[in-house]
Amino acid sequence: MQTAAPSPQPRRLVPLFVAVLAIPTFLAFWIGGNPRAGLIWGSLSVLFALILAVGGRSDTIRLLRGEDDDERTLELETRATMLTAVALIVALAVLFLVTAARGDNPLVYGLLLLLAEVTHLVALAVLNRRS
Amino acid sequence: MKNEVRHLRTAGGLSQAELAAALKVSRQTINAIETERYMPSLPLAFALARFFDKSIEEVFHADGSS
């Protein structure tokens, strides 16, 4: 019998991924004709990557890096992801209502809410079948 | 759920880090189990019991008794 211990990620993998996100971020703003905003948003990504890379003594940073992964950290990650999803869905619902109340088209927020609900339903169905 | 992990570990002269390494979990997870902030999965509970050569009932007390 094995304990549920996922393979720990290499220490630099998550910071590197976050840092690399700065490139498409900058490119998107540059294509949109606003490279200055792209630099600012890209720099924020790099700054977050640096915090992840050098924050070795913080347990939370180590959790974010996936360094000491085991069944408990996996459970913490799952619960944190669930809270993140709830926060995003509430924000989308508020934005949907505020946009509609202003007389603007809330289609984007409505589609994102629809995507969240469909994903939730599909995930429930798949997980229910597998367990 | 109360457990005997800290008692068994210290009786065996082990540090939390050594027990964690033996069970392939983090030291924080051993600490969380000992302080009853985290209830281990069944596989990890069995692994702990086997490590100390005890039955699972001798390590974990479902009724909260010590």
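Provided above is the structure to which this section pertains.
Throughout this description, residue numbers start from 1 for each chain and increase along the sequence as written. Labels are handed out in written order, letters beginning with A for the chains and numbers beginning with 1 for the ligands. Residue-level local features of this predicted model are given only where pLDDT is at least 70; pairs of side-chain atoms are given and counted only at 80 or more, and the full residue set underlies all totals for whole chains, interfaces and linings. Working from all heavy atoms in the structure, the side-chain values ignore hydrogens and water.

K.L.:
I would appreciate a short explanation of the packing of helix 2 (residues 16–23) of chain B against helix 4 (residues 42–51) of chain B in the present structure.
P.N.:
Helices that pack against each other are described as a pair by the angle of their axes relative to one another and the distance between those axes. Residue and element names in this part refer to chain B. Contact geometry of helix 2 with helix 4 gives a least axis separation of 11 Å together with a crossing angle of 115°. It follows that helix 2 is roughly perpendicular to helix 4 by the angle criterion. Judged by the sense of rotation from one axis to the other, the crossing of helix 2 with helix 4 is right-handed. On helix 4, the residues that touch Leu-19, Ala-22 and Leu-23 of helix 2 are Leu-44, Ala-47, Leu-48 and Phe-51. When residues are grouped by polarity, Ala, Val, Leu, Ile, Met, Phe, Trp, Tyr, Cys and Pro land in nonpolar, Asp, Glu, Lys and Arg in charged, and all others, Gly among them, in polar. When the residues that make up the contact of helix 2 with helix 4 are grouped by side-chain class, the tally is 7 nonpolar, no polar and no charged. To get an axis, a line is fitted to the C-alpha atoms, and for a helix only the part in contact is used. The angle between two axes follows their N-to-C directions and goes from 0 to 180 degrees. Secondary structure follows DSSP: runs of H or I at least 4 residues long count as helices, runs of E at least 2 residues long count as strands, and numbering of each begins at the N terminus. Each angle gets one of four labels, with under 35 degrees taken as roughly parallel, over 145 as roughly antiparallel, 65 to 115 as roughly perpendicular, and the rest as oblique. Definitions for this section: a left-handed crossing has its near helix turned counterclockwise from the far helix by less than a right angle. A right-handed crossing has that turn clockwise. Residues are treated as being in contact if the distance between any of their heavy atoms lies within 4.5 Å.

K.L.:
Help me understand a nonpolar patch on the surface in this model?
P.N.:
Like-charged residues are merged into a patch within 9 Å and nonpolar side chains (Val, Leu, Ile, Met, Phe, Trp, Tyr) within 5 Å, provided each residue has over 30% relative accessible area and no salt bridge. Computed with the Shrake-Rupley method and a 1.4 Å probe, the accessible areas treat only the protein chains shown as cover for residues. A pairing counts as a salt bridge when a side-chain nitrogen of Lys or Arg comes within 4 Å of a carboxyl oxygen of Asp or Glu. A cluster of nonpolar side chains, contributed by A:Ile40, A:Trp41, A:Leu44, A:Leu47, A:Phe48, A:Ile51 and A:Leu64, occupies part of the molecular surface with about 690 Å² of accessible area. Per element, the largest residue contribution to the nonpolar patch is 6 residues, and it comes from helix 3 (residues 35–54) of chain A.

K.L.:
Any chance you could explain the nonpolar core here in plain terms?
P.N.:
Among soluble globular proteins, nonpolar side chains are generally buried collectively. Residue and element names in this part refer to chain B. The biggest cluster of nonpolar side chains holds 18 residues, and the ones touching the most others in it are Val-5, Leu-19, Leu-23, Ile-33, Leu-48 and Phe-60. Those elements that provide at least two residues to this core are helix 1 (5–11), helix 2, helix 3 (27–34), helix 4 and helix 5 (56–59). Examining the composition of this core, we find that 4 residues originate from one element, helix 4, more than from any other. Excluding anything up to four places from it in sequence, Leu-19 contacts Val-5, Arg-9, Ile-30, Leu-48, Phe-51 and Phe-52. Residues enter a nonpolar core if they are buried and are Ala, Val, Leu, Ile, Met, Phe, Trp, Tyr or Cys, with the set joined through side-chain atoms within 4.5 Å. Burial here depends on accessible area, computed with a 1.4 Å probe over protein chains only, as a share of the maximum for the residue type. Under 20% is buried, over 50% is exposed, and the range in between is partly exposed.

K.L.:
Looking at this model, I keep getting lost on the packing of aromatic side chains. Mind explaining?
P.N.:
All names here are of chain B. Aromatic rings from Phe, Tyr and Trp, with only the six-membered ring used for Trp, were paired whenever their centres fell within 6.5 Å, and each pair was classed as stacked if the ring planes differed by under 30 degrees, edge-to-face if by over 60, and tilted otherwise. Considering all chains together, one arrives at 1 aromatic pair over all chains under this definition. Ring centres of Phe-51 and Phe-52 lie 5.2 Å apart, and the angle between their planes is 85°; on these two criteria the pair is classed as edge-to-face. For Phe-51, a relative accessible area of 36% translates into the label partly exposed. Here Phe-52 falls in the buried class, since its relative accessible area comes to 13%.

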